[in-house]
Amino acid sequence: MKNWILAAMLFSPAAMLFAQDKPDEKIKHIPFTVSGTVGEQSSPTKFYLRMRIGGQFVIDSAVANDGKFSFKGKVPEPQQAQLFSVIPVSKEAPGGRKEVALLFIGKGTTRVHVPAPDQKASADGTAVQDAFNQLNDLTRAVDKDMEAAEKEYRKAWESKNDARKQKAETRIEQIDASKTAIMQKYLKDNPSSPIGMFVLNQVVGYELDVDVAEPLFKSLSKTVRRYPSAKEFAYRIDLAKKIAIGQPAIEFTQNDTTGAPVTLASFRGKYVLVDFWASWCGPCRAENPNVVKAFQQYKDKGFTILGVSFDEKQDRWKQAIRTDNLTWTHVSDLKGWKNEVGKLYGIRAIPQNLLIDPQGKIIARNLRAEELGKKLEELLPKE
(Lines give C-alpha, C1' and ligand atoms only; values in the text may rest on other atoms or scores of the structure.)
Protein backbone atom coordinates (compact mmCIF):
# COMPACT_ATOMS: atom_id res chain seq x y z
CA MET A 1 0.00 0.00 0.00
CA LYS A 2 1.55 3.28 -1.07
CA ASN A 3 2.21 6.05 1.45
CA TRP A 4 -0.18 8.48 -0.19
CA ILE A 5 -3.00 5.94 0.15
CA LEU A 6 -2.19 5.61 3.85
CA ALA A 7 -2.32 9.35 4.24
CA ALA A 8 -5.61 9.61 2.36
CA MET A 9 -7.04 6.74 4.42
CA LEU A 10 -6.21 8.48 7.68
CA PHE A 11 -6.88 12.12 6.90
CA SER A 12 -9.37 12.43 4.01
CA PRO A 13 -13.17 12.13 4.27
CA ALA A 14 -14.37 9.04 2.40
CA ALA A 15 -17.09 11.05 0.68
CA MET A 16 -14.41 13.02 -1.18
CA LEU A 17 -12.89 10.01 -2.88
CA PHE A 18 -15.32 9.57 -5.76
CA ALA A 19 -16.73 11.69 -8.51
CA GLN A 20 -20.51 12.02 -8.53
CA ASP A 21 -22.75 11.27 -11.49
CA LYS A 22 -26.50 11.14 -11.92
CA PRO A 23 -28.24 7.79 -11.37
CA ASP A 24 -29.43 5.95 -14.47
CA GLU A 25 -33.22 6.08 -14.30
CA LYS A 26 -33.58 3.40 -17.01
CA ILE A 27 -32.27 0.64 -14.73
CA LYS A 28 -34.87 -1.73 -13.27
CA HIS A 29 -34.76 -1.24 -9.52
CA ILE A 30 -35.11 -3.84 -6.77
CA PRO A 31 -37.57 -3.18 -3.89
CA PHE A 32 -36.14 -3.56 -0.39
CA THR A 33 -37.26 -3.29 3.22
CA VAL A 34 -35.18 -2.74 6.33
CA SER A 35 -37.12 -3.74 9.44
CA GLY A 36 -35.49 -2.78 12.72
CA THR A 37 -36.05 -3.24 16.44
CA VAL A 38 -34.43 -1.42 19.34
CA GLY A 39 -33.85 -3.32 22.60
CA GLU A 40 -33.48 -0.41 25.01
CA GLN A 41 -34.22 3.26 24.51
CA SER A 42 -35.15 5.98 27.00
CA SER A 43 -37.01 7.93 24.31
CA PRO A 44 -37.93 7.52 20.62
CA THR A 45 -34.74 7.13 18.55
CA LYS A 46 -34.22 8.59 15.11
CA PHE A 47 -32.35 6.45 12.55
CA TYR A 48 -30.79 7.35 9.22
CA LEU A 49 -30.14 4.98 6.32
CA ARG A 50 -27.48 6.27 3.95
CA MET A 51 -26.31 4.68 0.71
CA ARG A 52 -24.56 5.71 -2.49
CA ILE A 53 -26.54 5.17 -5.69
CA GLY A 54 -25.28 6.23 -9.08
CA GLY A 55 -22.55 8.34 -7.51
CA GLN A 56 -24.91 10.27 -5.22
CA PHE A 57 -25.62 9.83 -1.53
CA VAL A 58 -29.24 9.00 -0.70
CA ILE A 59 -30.40 9.42 2.91
CA ASP A 60 -33.69 8.39 4.51
CA SER A 61 -34.83 8.67 8.12
CA ALA A 62 -37.22 6.84 10.45
CA VAL A 63 -38.16 7.10 14.13
CA ALA A 64 -38.47 4.12 16.48
CA ASN A 65 -41.42 5.26 18.58
CA ASP A 66 -42.37 1.85 19.96
CA GLY A 67 -39.01 0.16 19.61
CA LYS A 68 -39.54 -0.50 15.90
CA PHE A 69 -38.53 1.31 12.73
CA SER A 70 -38.44 0.54 9.03
CA PHE A 71 -37.23 1.78 5.67
CA LYS A 72 -38.57 0.93 2.23
CA GLY A 73 -37.20 1.80 -1.16
CA LYS A 74 -35.65 0.56 -4.38
CA VAL A 75 -32.03 0.02 -5.43
CA PRO A 76 -30.54 -0.75 -8.87
CA GLU A 77 -28.54 -3.66 -7.45
CA PRO A 78 -27.52 -5.10 -4.05
CA GLN A 79 -26.26 -2.06 -2.21
CA GLN A 80 -24.14 -1.37 0.85
CA ALA A 81 -25.77 1.03 3.30
CA GLN A 82 -24.90 2.69 6.61
CA LEU A 83 -27.38 2.72 9.46
CA PHE A 84 -26.97 5.58 11.94
CA SER A 85 -28.74 6.33 15.20
CA VAL A 86 -29.11 9.78 16.71
CA ILE A 87 -28.01 9.78 20.35
CA PRO A 88 -29.63 12.48 22.51
CA VAL A 89 -27.31 14.95 24.20
CA SER A 90 -27.01 14.42 27.97
CA LYS A 91 -24.82 15.47 30.87
CA GLU A 92 -23.03 12.13 30.69
CA ALA A 93 -22.48 12.03 26.92
CA PRO A 94 -22.21 14.56 24.07
CA GLY A 95 -24.70 12.73 21.88
CA GLY A 96 -24.69 13.01 18.08
CA ARG A 97 -24.91 10.53 15.24
CA LYS A 98 -23.43 7.04 15.57
CA GLU A 99 -23.07 4.31 12.96
CA VAL A 100 -24.68 1.19 14.38
CA ALA A 101 -24.48 -1.09 11.33
CA LEU A 102 -23.08 -1.57 7.85
CA LEU A 103 -25.76 -3.38 5.87
CA PHE A 104 -26.08 -4.89 2.42
CA ILE A 105 -29.62 -4.43 1.20
CA GLY A 106 -31.36 -6.09 -1.72
CA LYS A 107 -34.51 -8.03 -2.53
CA GLY A 108 -36.49 -8.94 0.58
CA THR A 109 -36.52 -7.73 4.17
CA THR A 110 -33.30 -7.08 6.05
CA ARG A 111 -33.90 -7.60 9.77
CA VAL A 112 -31.86 -5.38 12.07
CA HIS A 113 -31.68 -5.61 15.84
CA VAL A 114 -30.17 -2.67 17.71
CA PRO A 115 -29.49 -3.60 21.38
CA ALA A 116 -29.41 0.11 22.30
CA PRO A 117 -29.10 3.30 20.22
CA ASP A 118 -25.37 3.59 21.01
CA GLN A 119 -24.50 -0.08 20.39
CA LYS A 120 -23.63 -2.07 17.28
CA ALA A 121 -26.53 -3.82 15.56
CA SER A 122 -26.85 -7.29 14.04
CA ALA A 123 -28.57 -7.98 10.73
CA ASP A 124 -29.84 -10.93 8.67
CA GLY A 125 -32.89 -12.01 6.68
CA THR A 126 -31.79 -11.82 3.04
CA ALA A 127 -29.36 -13.69 0.82
CA VAL A 128 -27.47 -10.43 0.27
CA GLN A 129 -27.06 -9.70 3.96
CA ASP A 130 -26.11 -13.32 4.66
CA ALA A 131 -23.36 -13.07 2.02
CA PHE A 132 -22.10 -9.86 3.61
CA ASN A 133 -22.12 -11.48 7.04
CA GLN A 134 -20.14 -14.42 5.65
CA LEU A 135 -17.53 -12.07 4.20
CA ASN A 136 -17.28 -10.17 7.49
CA ASP A 137 -16.73 -13.43 9.34
CA LEU A 138 -13.88 -14.28 6.98
CA THR A 139 -12.17 -10.90 7.39
CA ARG A 140 -12.95 -10.23 11.06
CA ALA A 141 -9.49 -11.12 12.36
CA VAL A 142 -7.58 -9.11 9.75
CA ASP A 143 -9.94 -6.16 10.18
CA LYS A 144 -9.15 -6.13 13.88
CA ASP A 145 -5.42 -6.28 13.12
CA MET A 146 -5.79 -3.45 10.60
CA GLU A 147 -7.58 -1.24 13.11
CA ALA A 148 -4.70 -1.64 15.55
CA ALA A 149 -2.09 -1.05 12.82
CA GLU A 150 -3.84 2.12 11.62
CA LYS A 151 -3.87 3.51 15.16
CA GLU A 152 -0.16 2.80 15.42
CA TYR A 153 0.46 4.49 12.07
CA ARG A 154 -1.49 7.57 13.16
CA LYS A 155 0.55 7.84 16.35
CA ALA A 156 3.78 7.47 14.38
CA TRP A 157 2.63 10.12 11.88
CA GLU A 158 1.70 12.57 14.63
CA SER A 159 4.95 11.99 16.54
CA LYS A 160 6.98 12.31 13.29
CA ASN A 161 8.82 9.11 14.16
CA ASP A 162 9.97 7.87 10.75
CA ALA A 163 11.25 4.49 11.97
CA ARG A 164 8.01 3.80 13.82
CA LYS A 165 5.99 4.97 10.82
CA GLN A 166 7.93 2.68 8.45
CA LYS A 167 7.31 -0.28 10.73
CA ALA A 168 3.59 0.52 10.86
CA GLU A 169 3.46 0.91 7.07
CA THR A 170 5.05 -2.50 6.60
CA ARG A 171 2.55 -4.05 8.99
CA ILE A 172 -0.38 -2.40 7.20
CA GLU A 173 0.88 -3.66 3.84
CA GLN A 174 1.09 -7.20 5.23
CA ILE A 175 -2.42 -7.07 6.66
CA ASP A 176 -3.79 -5.50 3.48
CA ALA A 177 -2.24 -8.30 1.41
CA SER A 178 -3.80 -10.90 3.72
CA LYS A 179 -7.24 -9.34 3.42
CA THR A 180 -6.92 -9.07 -0.35
CA ALA A 181 -6.05 -12.76 -0.56
CA ILE A 182 -9.11 -13.64 1.54
CA MET A 183 -11.41 -11.61 -0.69
CA GLN A 184 -9.88 -12.99 -3.89
CA LYS A 185 -10.53 -16.51 -2.63
CA TYR A 186 -14.09 -15.48 -1.71
CA LEU A 187 -14.70 -14.33 -5.29
CA LYS A 188 -13.29 -17.54 -6.75
CA ASP A 189 -15.37 -19.68 -4.38
CA ASN A 190 -18.54 -17.58 -4.84
CA PRO A 191 -18.71 -16.32 -8.45
CA SER A 192 -22.47 -15.75 -8.15
CA SER A 193 -22.32 -13.86 -4.87
CA PRO A 194 -24.71 -10.87 -4.90
CA ILE A 195 -21.95 -8.81 -3.27
CA GLY A 196 -19.40 -9.88 -5.88
CA MET A 197 -18.91 -6.42 -7.40
CA PHE A 198 -18.46 -4.86 -3.97
CA VAL A 199 -15.77 -7.40 -3.10
CA LEU A 200 -14.06 -6.98 -6.47
CA ASN A 201 -13.86 -3.22 -6.01
CA GLN A 202 -12.34 -3.77 -2.57
CA VAL A 203 -9.71 -6.09 -4.05
CA VAL A 204 -8.81 -3.76 -6.91
CA GLY A 205 -8.88 -0.43 -5.07
CA TYR A 206 -8.36 2.90 -6.81
CA GLU A 207 -5.33 1.89 -8.90
CA LEU A 208 -6.80 -0.79 -11.12
CA ASP A 209 -4.28 -3.42 -12.25
CA VAL A 210 -5.75 -4.93 -15.41
CA ASP A 211 -3.81 -8.18 -15.00
CA VAL A 212 -5.48 -8.72 -11.60
CA ALA A 213 -8.87 -7.12 -12.21
CA GLU A 214 -9.88 -8.50 -15.60
CA PRO A 215 -9.57 -12.25 -14.80
CA LEU A 216 -11.45 -11.79 -11.52
CA PHE A 217 -14.16 -9.79 -13.27
CA LYS A 218 -14.57 -12.39 -16.01
CA SER A 219 -14.82 -15.16 -13.39
CA LEU A 220 -18.01 -13.64 -11.96
CA SER A 221 -21.37 -14.97 -13.08
CA LYS A 222 -23.27 -13.34 -15.94
CA THR A 223 -25.94 -12.20 -13.47
CA VAL A 224 -23.40 -10.27 -11.40
CA ARG A 225 -21.79 -8.82 -14.53
CA ARG A 226 -25.16 -7.33 -15.52
CA TYR A 227 -25.22 -5.05 -12.46
CA PRO A 228 -24.81 -1.31 -13.19
CA SER A 229 -21.59 -1.30 -11.15
CA ALA A 230 -20.26 -4.10 -13.37
CA LYS A 231 -20.76 -1.96 -16.47
CA GLU A 232 -18.84 0.83 -14.77
CA PHE A 233 -16.10 -1.63 -13.83
CA ALA A 234 -15.82 -2.86 -17.41
CA TYR A 235 -15.36 0.76 -18.46
CA ARG A 236 -12.60 1.17 -15.84
CA ILE A 237 -10.80 -1.86 -17.27
CA ASP A 238 -10.97 -0.45 -20.80
CA LEU A 239 -9.74 2.95 -19.59
CA ALA A 240 -6.92 1.39 -17.57
CA LYS A 241 -5.69 -0.30 -20.76
CA LYS A 242 -5.69 3.04 -22.57
CA ILE A 243 -3.68 4.84 -19.87
CA ALA A 244 -1.33 1.99 -18.96
CA ILE A 245 2.42 2.50 -18.86
CA GLY A 246 3.70 2.46 -22.42
CA GLN A 247 0.53 3.97 -23.88
CA PRO A 248 0.38 7.47 -25.39
CA ALA A 249 -1.07 10.00 -22.96
CA ILE A 250 -4.59 11.17 -23.78
CA GLU A 251 -4.42 14.75 -25.03
CA PHE A 252 -6.41 17.48 -23.27
CA THR A 253 -6.81 21.24 -22.97
CA GLN A 254 -7.76 23.14 -19.82
CA ASN A 255 -7.46 26.75 -18.64
CA ASP A 256 -4.67 27.97 -16.37
CA THR A 257 -4.97 30.38 -13.44
CA THR A 258 -5.32 33.35 -15.82
CA GLY A 259 -8.01 31.69 -17.92
CA ALA A 260 -5.69 30.92 -20.84
CA PRO A 261 -6.00 27.44 -22.44
CA VAL A 262 -3.10 25.04 -21.91
CA THR A 263 -2.64 21.84 -23.91
CA LEU A 264 -0.78 18.74 -22.82
CA ALA A 265 0.75 18.64 -26.30
CA SER A 266 2.49 21.96 -25.59
CA PHE A 267 4.83 20.11 -23.19
CA ARG A 268 6.07 17.72 -25.88
CA GLY A 269 9.86 17.47 -25.83
CA LYS A 270 10.08 17.39 -22.03
CA TYR A 271 9.41 14.91 -19.28
CA VAL A 272 6.20 16.18 -17.71
CA LEU A 273 4.55 15.11 -14.47
CA VAL A 274 0.78 15.52 -14.69
CA ASP A 275 -0.10 15.98 -11.03
CA PHE A 276 -3.73 15.60 -9.88
CA TRP A 277 -4.33 17.45 -6.59
CA ALA A 278 -6.51 20.03 -4.79
CA SER A 279 -6.07 22.75 -2.18
CA TRP A 280 -8.43 20.92 0.21
CA CYS A 281 -6.58 17.58 -0.09
CA GLY A 282 -4.38 17.10 2.99
CA PRO A 283 -2.27 14.25 1.53
CA CYS A 284 -1.71 16.33 -1.62
CA ARG A 285 -0.47 19.31 0.37
CA ALA A 286 1.74 17.04 2.48
CA GLU A 287 3.33 15.65 -0.69
CA ASN A 288 3.88 19.06 -2.32
CA PRO A 289 7.30 19.72 -0.69
CA ASN A 290 8.62 16.54 -2.35
CA VAL A 291 7.25 17.66 -5.72
CA VAL A 292 8.76 21.13 -5.27
CA LYS A 293 12.13 19.59 -4.47
CA ALA A 294 12.06 17.45 -7.61
CA PHE A 295 11.00 20.40 -9.73
CA GLN A 296 13.80 22.60 -8.43
CA GLN A 297 16.39 19.88 -9.05
CA TYR A 298 15.34 18.94 -12.59
CA LYS A 299 13.46 21.91 -14.10
CA ASP A 300 16.55 22.92 -16.07
CA LYS A 301 17.24 19.37 -17.28
CA GLY A 302 14.15 18.78 -19.39
CA PHE A 303 11.55 18.18 -16.65
CA THR A 304 8.42 20.13 -15.79
CA ILE A 305 5.06 19.70 -14.05
CA LEU A 306 1.46 20.32 -15.06
CA GLY A 307 -0.83 20.53 -12.06
CA VAL A 308 -4.48 19.56 -12.56
CA SER A 309 -6.59 20.76 -9.65
CA PHE A 310 -9.88 19.32 -8.42
CA ASP A 311 -10.73 22.62 -6.77
CA GLU A 312 -14.01 24.49 -7.06
CA LYS A 313 -12.97 27.82 -5.52
CA GLN A 314 -10.49 29.75 -7.63
CA ASP A 315 -9.21 31.87 -4.72
CA ARG A 316 -8.40 28.79 -2.60
CA TRP A 317 -6.71 27.11 -5.57
CA LYS A 318 -4.50 30.13 -6.26
CA GLN A 319 -3.72 30.65 -2.58
CA ALA A 320 -2.55 27.04 -2.20
CA ILE A 321 -0.29 27.45 -5.24
CA ARG A 322 1.31 30.51 -3.65
CA THR A 323 1.51 29.04 -0.14
CA ASP A 324 3.13 25.78 -1.29
CA ASN A 325 5.43 27.54 -3.78
CA LEU A 326 4.19 25.51 -6.73
CA THR A 327 5.93 27.50 -9.45
CA TRP A 328 4.85 25.47 -12.46
CA THR A 329 1.84 25.50 -14.79
CA HIS A 330 -1.55 24.80 -13.23
CA VAL A 331 -4.92 24.14 -14.86
CA SER A 332 -8.46 23.50 -13.62
CA ASP A 333 -12.04 23.82 -14.78
CA LEU A 334 -13.08 24.39 -11.14
CA LYS A 335 -15.57 21.52 -11.27
CA GLY A 336 -14.15 19.63 -8.30
CA TRP A 337 -14.46 15.86 -8.71
CA LYS A 338 -16.17 16.44 -12.07
CA ASN A 339 -12.95 17.85 -13.53
CA GLU A 340 -12.99 16.86 -17.19
CA VAL A 341 -9.31 15.84 -17.27
CA GLY A 342 -9.84 13.78 -14.12
CA LYS A 343 -12.74 11.96 -15.77
CA LEU A 344 -10.70 11.48 -18.93
CA TYR A 345 -8.02 9.67 -16.91
CA GLY A 346 -10.41 7.88 -14.54
CA ILE A 347 -9.03 9.59 -11.43
CA ARG A 348 -10.98 8.35 -8.40
CA ALA A 349 -8.65 9.45 -5.60
CA ILE A 350 -5.96 12.09 -5.13
CA PRO A 351 -3.06 12.71 -5.05
CA GLN A 352 -2.20 10.86 -8.22
CA ASN A 353 0.25 11.58 -11.03
CA LEU A 354 1.48 10.42 -14.42
CA LEU A 355 5.00 10.83 -15.78
CA ILE A 356 5.04 11.37 -19.53
CA ASP A 357 8.16 11.20 -21.70
CA PRO A 358 9.20 13.76 -24.37
CA GLN A 359 7.35 11.77 -27.05
CA GLY A 360 4.07 11.87 -25.10
CA LYS A 361 4.15 8.31 -23.76
CA ILE A 362 3.20 7.36 -20.18
CA ILE A 363 6.28 5.90 -18.50
CA ALA A 364 5.33 5.86 -14.79
CA ARG A 365 2.40 6.41 -12.43
CA ASN A 366 2.02 7.66 -8.87
CA LEU A 367 5.62 8.44 -8.09
CA ARG A 368 5.71 9.72 -4.51
CA ALA A 369 8.33 11.00 -2.10
CA GLU A 370 11.76 9.54 -2.93
CA GLU A 371 10.32 7.49 -5.83
CA LEU A 372 9.87 10.63 -7.95
CA GLY A 373 13.45 11.82 -7.37
CA LYS A 374 14.89 8.37 -8.08
CA LYS A 375 12.99 8.07 -11.35
CA LEU A 376 14.06 11.51 -12.51
CA GLU A 377 17.70 10.85 -11.66
CA GLU A 378 17.48 7.66 -13.70
CA LEU A 379 16.07 9.59 -16.66
CA LEU A 380 17.98 12.85 -16.19
CA PRO A 381 21.20 12.04 -14.33
CA LYS A 382 23.07 14.88 -12.66
CA GLU A 383 26.24 16.00 -14.38
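Okay, so let's go over this structure.

Rules used in this analysis
- Residue indices begin from 1 for each chain and proceed along its sequence in written order.
- A pLDDT threshold of at least 70 governs which residues receive local features in this predicted model, and a stricter bar of 80 or more applies before side-chain atom pairs are shown or counted, although totals over entire chains, interfaces and linings include all residues.
- Only hydrogens and water are set aside; all other atoms, that is, all heavy atoms of the structure, feed into the side-chain values.
- Any Lys or Arg side-chain nitrogen located within 4 Å of an Asp or Glu carboxyl oxygen qualifies as a salt bridge.
- Where helices and strands are cited, they refer to DSSP runs of H or I of at least four residues and of E of at least two residues respectively, numbered from the N terminus.
- Disulfide: a pair of cysteine sulfur atoms within 2.5 Å of each other.
- Think of it in three bands: residues with accessible area under 20% of the maximum for their type are buried, residues over 50% are exposed, and the middle band is partly exposed, with areas taken using a 1.4 Å probe on protein chains only.
- By definition, two strands form a pair when at least two bridges between them are found by DSSP.
- Here the axes come from fitting lines to C-alpha atoms, over the contacting stretch only for helices, and the angles between their N-to-C directions go from 0 to 180 degrees.
- Throughout, a contact is declared for two residues whenever any of their heavy atoms are within 4.5 Å.
- Multiplying one less than the number of residues by 1.5 Å gives the expected span of a helix.
- Aromatic rings from Phe, Tyr and Trp, with only the six-membered ring used for Trp, were paired whenever their centres fell within 6.5 Å, and each pair was classed as stacked if the ring planes differed by under 30 degrees, edge-to-face if by over 60, and tilted otherwise.

A word on the pattern of salt bridges. Taken as a whole, this structure holds 17 salt bridges when the rule is applied. The residue Asp189 makes a salt bridge to Lys185 at a minimum N-O spacing of 2.6 Å. Residue Asp189 and its partner Lys185 are located together in helix α3 (residues 162-189), separated by four residues, close to a single helical turn. The structure contains a network of salt bridges with shared partners spanning Glu214, Lys218 and Lys241.

It is worth spelling out the state of the cysteines at this point. Joining two cysteines, a disulfide is a covalent bond between their sulfur atoms. Applying the stated criterion across every chain yields a total of one disulfide. Residue pairing for Cys281: its cysteine sulfur links by disulfide to Cys284, the two sulfurs lying 2.3 Å apart. Handedness of the Cys281-Cys284 disulfide follows from its S-S torsion of about 75°: it is right-handed. The burial state of Cys281 is the same as that of Cys284; both residues are buried.

With antiparallel pairing, four strands are arranged side by side in an open sheet as β3-β2-β5-β6. Edge strands, defined here as strands with exactly one partner in the open sheet, are β3 (56-64) and β6 (96-105). The mean inter-strand angle of the sheet, taken between neighbouring strand axes irrespective of direction, is 25°. Bridge analysis of strand β5 (residues 79-87) against β6 gives nine bridges, and the strand direction is antiparallel. Residue pairing across strands places Val86 opposite Arg97, the latter belonging to β6. Across the face of the sheet, helix α2 (residues 127-159) comes into contact with β5 and β6 while running at roughly 110° to β6.

Another point: the pairing of strand β1 (residues 30-38). In summary, the side chains of a regular strand alternate between the two faces of the sheet. Across eight bridges, the pairing between β1 and strand β4 (residues 68-75) is antiparallel. Residue pairing for β4: Ile30 is matched across the bridge by Val75. As paired strands, β1 and strand β7 (residues 108-114) are joined by seven bridges and run parallel to one another. Within β7, the position partnered with Gly36 by the bridge is Val112.

Along strand β14 (residues 352-356), five of the five residues are buried, which leaves the element largely enclosed by surrounding structure. The two faces of β14 match: Gln352, Leu354 and Ile356 on one face and Asn353 and Leu355 on the other face are all buried. Strand direction decides the pairing type here: β14 and strand β15 (residues 362-365), joined by three bridges, are antiparallel. The residue bridging Ile356 from the neighbouring strand is Ile362, located in β15. Count of turn residues in the β14/β15 antiparallel hairpin: five residues, of which Gly360 carries a positive phi of about 90°.

Its 28 residues place the ends of α3 40 Å apart at the C-alpha level, agreeing with the 40 Å of an ideal helix rising 1.5 Å per residue. Residues Ala168, Glu169, Ile172, Ile175, Thr180, Met183, Tyr186 and Leu187 constitute the buried set of α3.

Before going further, it helps to examine the packing of aromatic side chains. Applying the stated criterion to the full structure yields 13 aromatic pairs. Consider the rings of Phe104 and Phe198, whose centres lie 5.2 Å apart with planes at 70°: the pair is edge-to-face. Of this pair, Phe104 sits in strand β6 while Phe198 sits in helix α4 (residues 196-204), and the two are 94 residues apart along the sequence. For the residue pair Phe104 and Phe198, the accessibility class agrees, reading buried in each case. Taking the centre distance of 6.2 Å and the plane angle of 75° together, the rings of Phe276 and Phe310 count as edge-to-face. You can see Phe276 sitting in strand β11 (residues 271-277) and its partner Phe310 sitting in the loop between β12 (303-309) and α8 (314-323), a full 34 residues away along the chain.

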